[in-house]
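This is what each chain is made of:
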Amino acid sequence: QVQLVESGGGLVQAGDSLRLSCTTSGYTFSRSDMGWFRQAPGKEREFVVAISWRGATYYAESAKGRFTISRDNAKNSVYLQMNSLKPADTAVYYCASKRSTTFEAMRTLREYDYWGQGTQVTVSS
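Just so it is clear, the model here is predicted, and its values are computed rather than measured.

Chemist: Tell me about the overall build of the protein, and please be specific about residues and values.
Modeler: Helix and strand counts for the protein come out as zero helices and eleven strands. Counting from the amino terminus, helix and strand elements in the protein follow one another as β-β-β-β-β-β-β-β-β-β-β. Relative to the compact-globule value of 14 Å for 125 residues, the protein shows a C-alpha radius of gyration of 13 Å, a close match. Here the C-alpha coordinates of the protein stretch approximately 40 × 25 × 25 Å along the principal axes. Carbon and sulfur atoms make up 45% of the accessible area of the protein, which amounts to about 6,400 Å² in all. For the protein, the distance from the average site of its 15 positive side-chain charges to the average site of its 11 negative ones is 3 Å.

What follows is the structure in structure tokens.
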């Protein structure tokens, strides 16, 4: 069956860095677009960044200049490098997978077919 498993979350201080990983199985990762979303307490899940199966990236404004998404098709994995973390980045971070459609669809939550269980990122001030 399809599985997406996130790891790498934790408690850090403002200004620190974290690298999240998402390892997948059960489907054709190399032909899938991958996204990272996050959900803070009391808020809706929001788009952070995505990477197409071809390697094109799409960043939310909040992530530009601080976060970097990458993928390793040989390992069926996608990564999120987060630098200069802020308390506002505190959330549960989810990776998700979708079949490749349009570029704009990469930022749309409902377009994603498979989701991981999430990993908690907490940034203290």
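Chemist: Break down the state of the cysteines for me, with residues and values.
Modeler: For the structure shown, the criterion picks out one disulfide. With a sulfur-sulfur separation of 1.9 Å, C22 is cross-linked through a disulfide to C95. Between C22 and C95, the disulfide has an S-S torsion of 45 degrees and is therefore right-handed. Taken as a pair, C22 in strand β3 (residues 18-25) and C95 in strand β9 (residues 91-99) lie far apart in primary sequence, 73 residues in all. One exposure class covers both C22 and C95, and it is buried.

Chemist: Provide a residue-level description of the sheet that holds strand β1 (residues 3-7), including the pertinent values.
Modeler: Overall, antiparallel pairing links the four strands, which are arranged β1-β3-β8-β7 in an open sheet. Strand pairing shows two members of the sheet lacking a second neighbour, β1 and β7 (67-72), which therefore form its edges. The mean inter-strand angle of the sheet, taken between neighbouring strand axes irrespective of direction, is 15 degrees. Examined bridge by bridge, β1 and β3 share five bridges and lie antiparallel to one another. Bridge pairing links V5 to T23 in β3.

Chemist: Any details on the packing of aromatic side chains? Residues and values, ideally.
Modeler: Taken as a whole and judged by the stated rule, the model has seven aromatic pairs. On the basis of an interplanar angle of 55 degrees and a centroid distance of 5.0 Å, the ring pair of F37 and W115 is categorised as tilted. You can see F37 sitting in strand β4 (residues 32-39) and its partner W115 sitting in strand β10 (residues 114-115), a full 78 residues away along the chain. Accessibility expressed as a relative area gives 0% for F37, which makes it buried. Connected via pairs of aromatic rings, a cluster forms that spans F37, F47, Y58, F103, Y112 and W115. Over the ring of F29 we find R71; its NZ or CZ atom is 4.4 Å from the centre of that ring.

Scoring rules and cut-offs
- Residues numbered from 1 in each chain as written.
- Predicted model: local features only at pLDDT ≥ 70, side-chain atom pairs only at ≥ 80, totals over all residues.
- Heavy atoms only, no water.
- Helix = DSSP H or I, 4+ residues; strand = E, 2+ residues; numbered from the N terminus.
- Rg over C-alpha atoms; globule rule 2.2 N^0.38 Å.
- Areas by Shrake-Rupley, 256 points an atom, 1.4 Å probe, with all protein chains shown as cover.
- Lys, Arg positive; Asp, Glu negative; His and termini not counted.
- Charge placed at Lys NZ, Arg CZ, Asp CG, Glu CD.
- Disulfide = S-S within 2.5 Å.
- Buried < 20%, exposed > 50% of the residue type's maximum accessible area, 1.4 Å probe, protein only.
- Pairing = 2+ DSSP bridges.
- Axes fitted to C-alpha atoms, helices over the stretch in contact; angles between N-to-C directions.
- Phe/Tyr/Trp six-rings, centres within 6.5 Å; stacked < 30°, edge-to-face > 60°.
- Lys NZ or Arg CZ within 6 Å of the ring centre and 35° of its normal.

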